[in-house]
Structure formats: structure tokens, C-alpha cells
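An overview of the molecular structure
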Amino acid sequence: MLMDCPDAAKRASSVATVTTVSDPFPIDVLPPIVRQMVEEVANVATVPVALPACQALGIISAALGAGLAIPSDRERKTFPNLFIIPGAESGSGKSVTFSKMMAPVYAYQNDLRAGAQALHYSLKAELLRLNRTLKSAAAGKELIADDMLPGLIQRKEVIEVELKRRPKIVCEDVTREKLQVLLAQNGERIFSASADGRQVIQAVLHGKGDNPYLKAWSGDPVDVDRISREAVPLEAPRMALLWLPQPDMMTDMFARRILTDNGFLPRVLPCIVDCTPVQVAMKTRRVALETERPWNNLVRGLFETYHARKGAPFVLRREAEVQRLLINYYNSVVGRRRSELADVNPFAARWAEQAWRLVIVLHAATYAGDAHNQVVQGRSAEDAISLMHFFSGQQLELLRRTRAHAKTEAAEAVFNMLAAKSEITARDLQRDRIAQNADDARALLEQMVLQGKLVCRDHTPLGGGHTTRLYRRCDGRDTRDT
């Protein structure tokens, strides 16, 4: 049945937001329980709704685990796990929003651990009996049928592994190698959530080799063998991600071309939240219990119904309108990828797939634990597309900023090179790693020529041979002042 808050509409109108900054997040697309929680948390923390809204989407995504899917236009099953990274300055209210929104996630994890601890006592007793039986059999004091012995040994190994395992829903500061282990120990699903994100982002920026984040977004199998450690095979890992870094870390991420080339950043839904300081009233602000309780119940119910589900996921049924809307959205992006989005094609290529994932999240947030029994409606697709307009706009703005910054730094490096030699070539830029490749080097130098910062000439050796284009400063003066 449709989930709603008691008197939600009446109470929503009474929530007077104290933030005054521009907030383009489409709050109206969120289902009532989620919207009410987001608005009140934003009011308490004096932040734009975009910050807790992004957290809400990430949390609901994580709560679904691998237990709910939808047939999309290109795959038999698309899952709802999202990588959401809203950036905001330190001290802006991130911790307040994070602790409030994440409360039901940590509560669920604590309950799982309490249940596992209680089970451990009975497992230890069973292991004690098994060891006694196997020891007696080895000493010839007890006869065990040959066909029973392998089963007893296998059971002993299973218990030993289970006793080492501590149920984990959320991970934060973890290496990529340990991340694979956590996935293997927790049903191949995990929620990477951090109110800061600096440590995990550094691990992504500087990590080498296989990237489990990419595999766990797509659900691709992982079976990596290393000399230094045991293999950790994963059949279909699923991860949701919610990091709240400072804007400088966001800029650093989007400036790293390797994170685009390897596919990590195109999988991310980013958002820079402008938490401009505002004055607040003397009255203590807190989230109302009648708002907090439905949110906690919603998240808890999704974890119990879908995250805890073993085996095949529930597959949603959908109206024909859902596919029509999302295919039209995909086709509209294809047209733009041939023109103004050509230089950000790896990002735009994921927008429609992200929209399919958001459809599941919005549908589940509307119907809670009964979502698998309800038909997905066209309204969910419309709302998902609205969210993608927001996130894609944020993505493009981040790319614009980092591209401009990178071009400025590259141009400065060109000027420094020309201070040491009168003329340079595109190959010089590539050799000094100012540009990633020859095409990028030529594009940068030609752009500086068009800007009037450099001049160029083509040089062919007297005896014939390959013609090289040489670049120098205009009239020999320092073009850094141009």
C-alpha cells in the first residue's frame, strides 16, 4: 500500500526552512515520508534540502541491496544500487544530517550483530562437539562412516568461518582489498558510507589494479588471485555508496582523468551543496518524532524485506509508459552526445541507466516492503528523469570547473617550458606529461594559438622528411600576461 505520513501535507507546510541559498534539487519528486524527513533535517541543520535528499536516496538504495530489480530496455534486470557523492564544506551541517538520516541503518546493523553474537554461543558449542568427535575418530576411539566424514569436516570449516564473521552493513575507511573480503562475508552486498569521505576517496585516487567499486556497481563477477593473499571470488557483488567530501576533494576527483577513463566517475551522481551560513533563531531545533519514526520504519522495512533476501531478487512489473519515457530520455541524450556532450560522452552514456536505477529507489520509497507487489508507474519514471536532470547538471558543472582549472594549469606549464627553450612541439608536452597524449597536446597548443597566446610554424628538414609544427611565444614576449 502507499506509504504516507499522518497529516504530512499539513505539517510540511509548517516547516519553515531557514536556508536562503539557491537549491535546485527537485524535492517534490520524493515520496511523502522521505520528503518530510529531508525537509525537517534540512531545517534543523540549516542546510539546503539537496544534502539530506542525496543521503536519503543513497540510504534507500543501500537498503534494497540485491533484493529488488526491474527489467530495463537493455538488460533483463537492473538493480538500484547508486553511487552518490554530495560535497559540502566542513562545519556546514554534514555530520548533523548524516547522523539523523543514517540512524536506522546503524540501528539495523547493531541488531544484526546482537543476533549473530547470540548465535555464536550455540555455534561454539557445536564446534566443540565436532572437534571432540573428529579427534576421537583420528585416535581410533570412535568409528565414523567414510561417507559421513567429509560432511563433518565441511561443517567444521563453515562454523569456523561464521565465528570470524561480524555482520556488517556499512563500511567507511577500508582498503580495496578488504572491501572484497567484506563483500564476501556479507552476502556480496555492502554500503560504503562516510560523512567525510577523504580516506576512501584517497584510496580510489591512488589505488592500483582491479577496482572492486566498479565491479560492485555493475554486479560483475570478481575472482582475483594474489600471491600475498587468498583469492576472494565474488559472483554478483552489489554496493551502494554515499560519501560527503569537501568540495576540494570533489574537484580533485573530477580533475583525475584516470577516474573517468576507468569508469568510476561516470558511475557517480555528484552534487556540490552551497551551504551558505545563515542566522538561526534562539529556539532549539530538532526533528519531530512523528517525522523520524516513519523514516526509520521505512528504511528498516526495506532492509528486512530486500537487503536480507537470499537468492534471486524480486523483479518489478512496470507500466508500458515507464519504458516509453526512459527510452525517449535515452534517445534525447544520444542526440546531444553527438554534439554538445561529445567531450563528456562517458558520463552522458550512463544517464539513462542511472534513471532506471532511480526508478526502483523512488518506487521502493513509495511502497516500502510491499514494493515488489506494486506495478511501477509512469510517474516514477518522470520523477527519476527529473532527478537525472539535476544530477547531470551537477556533473557537467563539475566537469566544466575542473576542465577550466586543468587548462589553466596546462597553459602555465607551457609558458614555463617556453622560458627554457624558444620553441616546443606537441611531443614535448606529451613527454613532460603536460598532456595525456599527442591529440590532447596538439589541441591545447592550437587553442593557445587561437587565443593569441602562441604562434606556430611548420618546419620541414632541408633534406625532406616529416614536417613538425613548432610553437613559440608571440613576438618573443612572456605571454603569461596576455
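This text goes with the structure placed above it.
Residues numbered from 1 in each chain as written. Predicted model: local features only at pLDDT ≥ 70, side-chain atom pairs only at ≥ 80, totals over all residues. Heavy atoms only, no water.

Observations regarding the overall build of the protein chain
- A tally of helices and strands in the protein chain yields 17 helices and nine strands.
- Across the 482 residues that make up the protein chain, the buried fraction comes to 47%.
- Taking all contacts inside the protein chain whose residues are at least 6 apart in sequence as the whole, residues at least 24 apart take part in 74%. (Helix = DSSP H or I, 4+ residues; strand = E, 2+ residues; numbered from the N terminus. Buried < 20%, exposed > 50% of the residue type's maximum accessible area, 1.4 Å probe, protein only. Contact = heavy atoms within 4.5 Å.)

Observations concerning the packing of aromatic side chains
- Considering all chains together, one arrives at nine aromatic pairs under this definition.
- Here Phe25 and Phe390 contribute two aromatic rings whose centre-to-centre distance is 5.0 Å and whose plane-to-plane angle is 75°, an arrangement assigned as edge-to-face. Of this pair, Phe25 sits in the loop between α1 (8–14) and α2 (32–45) while Phe390 is found in helix α15 (residues 378–418), placing the two residues 365 residues apart along the sequence. There is no split in this pair, since Phe25 and Phe390 are both buried.
- With 5.7 Å between their ring centres and 80° between their planes, Tyr213 and Trp243 make a pair best called edge-to-face. Of this pair, Tyr213 sits in helix α8 (residues 212–218) while Trp243 sits in strand β5 (residues 238–243); the two residues are 30 residues apart in sequence, bridging distant segments of the chain.
- Residue Tyr213 is classed as buried on the basis of its relative accessible area of 0%.
- Here a set of aromatic residues connected by ring pairs shows up, and it is made of Phe83, Tyr213, Trp243 and Phe264.
- The ring centre of Trp217 lies 3.6 Å from the NZ or CZ of Arg357, which sits over that ring. (Phe/Tyr/Trp six-rings, centres within 6.5 Å; stacked < 30°, edge-to-face > 60°. Lys NZ or Arg CZ within 6 Å of the ring centre and 35° of its normal.)

Some details on the pairing of strand β4 (residues 189–194)
- Taken across its six residues, β4 has six buried, putting it largely inside the fold.
- In β4, alternate side chains face the same way, and those of Arg189, Phe191 and Ala193 on one face and Ile190, Ser192 and Ser194 on the other are all buried.
- Pairing of strand β3 (residues 170–171) with β4, which is carried by two bridges, proceeds in the parallel orientation. Paired with Val170 across the bridge in β4 is Phe191.
- Traced from β3 through helix α6 (residues 176–185) to β4, the parallel crossover comes out right-handed.
- Pairing of β4 with β5, which is carried by six bridges, proceeds in the parallel orientation. The partner of Ser194 across the bridge, within β5, is Trp243. (Pairing = 2+ DSSP bridges. Right-handed = clockwise from strand over helix to strand, strands pointing away.)

Remarks on the environment of Ala312
- Looking at where Ala312 falls in the secondary structure, it is placed in the loop between α11 (289–307) and β7 (314–315).
- Along the backbone, Ala312 and Gly67 are 245 residues apart, and their C-alpha atoms lie at a distance of 7.1 Å.

Points about the sheet that holds strand β6 (residues 268–272)
- In spatial order, the strands read β3-β4-β5-β2-β6; together these five strands make up an open sheet with parallel pairing. Bordering the open sheet on either side are β3 and β6, each of which pairs with just one other strand.
- The strands touched by helix α3 (residues 50–64) are β2 (83–87), β4, β5 and β6; relative to β5, the strand with the most contacts, the crossing angle is about 165°. (Axes fitted to C-alpha atoms, helices over the stretch in contact; angles between N-to-C directions.)

Examining the state of the cysteines
- Overall, the coordinates contain zero disulfides when judged by the stated rule.
- Among the cysteines around Cys54, which has no disulfide bond, Cys271 carries the closest sulfur, lying 4.2 Å off.
- Judged by its relative accessible area of 0%, Cys54 falls in the buried class.
- By relative accessible area, which is 1% here, Cys271 ends up buried. (Disulfide = S-S within 2.5 Å.)

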